[in-house]
Amino acid sequence: MKTKIVMVSITLVVVIAFLFSMNFKSKGPDNVLINLDRSDLIRMKKFVSRFNEGKFDYLIAVVPTIEGSYIFYDFISTGSEVTFSIDSSRDPYSVDNVIKKYQCKGISISHKVEMEGISGLLEVSDCTGDQTIKKAGILTFRY
């Protein structure tokens, strides 16, 4: 009887420890976007909202390429301007192995229904920097 109680207790402790470890692993830093899924889109919407309220915010998006390397997007909202950079310098297959920087007066998210599901497109507008951009979509979130 004592052996059964000990075994059940050990099993219960292991299951609880496993559940707690899964809960903590699934939560990453709030300002790093790595999946470009619904939860990352919600965080990006918060970034856009904070920009529209004139508040500071900062995000990093880590986007994998087809070949397996990564492109890094940095977003900084000062409240009056969004500064973002696209760092493809770590992608050995990229045509542009440089960091491009832009300062934009506008940022928004549009939604589109596609065959694969719904997507959210992050759009920037009125940008200066390495190139002049009137309006362009730069990141797509799928869910």
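Coordinates for the structure precede this section.
Remember, it's a predicted structure, so these values are computed and weren't measured experimentally.

Draft legend 1. Quick peek at the nonpolar core. Core analysis: the largest hydrophobic core is formed by 26 residues, its most contacted members being Met44, Phe75, Phe84, Leu122 and Leu139. Elements with a minimum of two residues in this core: helix 2 (38-52), strand 2 (57-64), strand 3 (70-77), strand 4 (82-87), strand 5 (99-114), strand 6 (117-129) and strand 7 (133-142). At 5 residues, helix 2 tops the list of elements feeding residues into this core. The contacts of Met44, once residues within four sequence positions are left out, are Leu33, Leu59, Phe75, Ile109, Leu122, Leu139 and Phe141.

Draft legend 2. View of the environment of Tyr58. Residue placement: Tyr58 occurs in strand 2. Distance from Tyr58 to Asp74, taken between C-alpha atoms, is 7.6 Å for residues 16 residues apart in sequence. Beyond its immediate sequence surroundings of up to four residues, Tyr58 is in contact with Asn31, Arg43, Phe47, Asp74, Phe75 and Ile76. Within the structure, the side chain of Tyr58 is placed 3.1 Å from the side chain of Asp74, a separation counted as a polar contact.

Draft legend 3. The arrangement of the pattern of salt bridges in detail. Summed over the entire model, instances satisfying the criterion amount to 8 salt bridges. The shortest N-O distance in the salt bridge between Glu53 and Lys55 comes to 3.3 Å. Relative accessible area serves as the criterion here: at 39%, Lys55 is assigned to the partly exposed category. Between Glu81 and Lys105 there is a salt bridge, and its shortest N-O distance comes to 3.6 Å. Of this pair, Glu81 sits in the loop between strand 3 and strand 4 while Lys105 sits in strand 5; the two residues are 24 residues apart in sequence, bridging distant segments of the chain. On the basis of relative accessible area, Lys105 is assigned to the exposed category, the value being 53%. Overlapping salt bridges, with partners in common, bring together Asp30, Arg43, Lys46, Arg50 and Asp57 in one network.

The rules behind these values
Residues numbered from 1 in each chain as written. Predicted model: local features only at pLDDT ≥ 70, side-chain atom pairs only at ≥ 80, totals over all residues. Heavy atoms only, no water. Core = buried A, V, L, I, M, F, W, Y, C linked by side-chain atoms within 4.5 Å. Buried < 20%, exposed > 50% of the residue type's maximum accessible area, 1.4 Å probe, protein only. Helix = DSSP H or I, 4+ residues; strand = E, 2+ residues; numbered from the N terminus. Contact = heavy atoms within 4.5 Å. Polar contact = N/O pair within 3.5 Å; in protein donor to acceptor, adjacent residues only side chain to side chain. Salt bridge = Lys/Arg side-chain N within 4 Å of Asp/Glu carboxyl O.

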